[in-house]
Amino acid sequence: MPNSRRPIARSTTILTVRHKGEVAVGGDGQVTYGESILKHDTKKVRRILDGNVIVGFAGSTADAFSLMERFEAKAKDFPGNIPRAATELARDWRTDRILRKLEALMIVATPEHSLLITGQGDVVSPQDHIIGIGSGGNYAVAAARALIRHADLTAREIVEYSLKIASEIDIYTNDNLIIEQIPAR
């Protein structure tokens, strides 16, 4: 049972959308601890591997950076095979005693793939090419699905509007957004 006196670190909102020949990944900048906002402009979406891969993370920042570094190493071990690198990271994350304690989720996007990687050993590529993680992830996914169906927008615009909608609902998400995009194949 968790210690009720210890503040709970809350999450964020990260969203990726693959639409109209483009992949966009965006996230808010808010860092919350307990009932306090610690920072408004943290960069939770980053480019790695010479800018060809976009990674977004939710959860513990230190854990996410550790996972991002490990993912980059796996991607270098399996050049050109991002799904295999993601699977190897997920396997290590699930089976390694130290990695198992990491509290984060990751989205990885390349021109060919949009993947969710979890500590339970999951590597998921959703059928609709929309992935949302963090406390506002489901709000952002719902908004993105509606916008894809009913608006003529780019992937970047869908991510931006969806994250803004999530920030209006989820108190752990703000509207200070970082959005990266790459052409889809």
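Notes on the structure in this doc start here. (Residues numbered from 1 in each chain as written. Predicted model: local features only at pLDDT ≥ 70, side-chain atom pairs only at ≥ 80, totals over all residues. Heavy atoms only, no water.)

## What to know about the pattern of salt bridges
As enumerated under the stated definition, the model contains ten salt bridges in all. Between K74 and D92 there is a salt bridge, and its shortest N-O distance comes to 2.7 Å. Highlighted residues: K74 in helix α1 (residues 61-77) and D92 in helix α2 (residues 82-95), separated in sequence by 18 residues. The pair K74 / D92 is uniform in exposure class, with both members buried. A salt bridge links R91 to E88; its shortest N-O distance comes to 2.7 Å. (Salt bridge = Lys/Arg side-chain N within 4 Å of Asp/Glu carboxyl O. Helix = DSSP H or I, 4+ residues; strand = E, 2+ residues; numbered from the N terminus. Buried < 20%, exposed > 50% of the residue type's maximum accessible area, 1.4 Å probe, protein only.)

## A closer look at a nonpolar patch on the surface
A surface patch of nonpolar side chains, amounting to about 260 Å² of accessible area, comprises Y139, I165 and I169. Position of Y139 relative to the elements: it lies in helix α3 (residues 137-150). Since its relative accessible area comes to 38%, Y139 is described here as partly exposed. (Patch = residues over 30% accessible without salt bridge, like charges linked within 9 Å, V, L, I, M, F, W, Y side chains within 5 Å. Areas by Shrake-Rupley, 256 points an atom, 1.4 Å probe, with all protein chains shown as cover.)

## Some points on α3
Its 14 residues place the ends of α3 20 Å apart at the C-alpha level, agreeing with the 20 Å of an ideal helix rising 1.5 Å per residue. Taken together, the buried positions of α3 are occupied by G137, A140, V141, A143, A144 and L147. Seen from one end, α3 has its buried residues packed into an arc of 165°, which puts them on one side. The exposed residues of α3 that point more than 90 degrees off its buried face are N138, R149 and H150. Next to the buried residues of α3 lie β1 (14-19), β10 (130-133) and α4 (155-169). (Expected span 1.5 Å × (residues − 1). Arc of directions from axis to C-beta. Contact = heavy atoms within 4.5 Å.)

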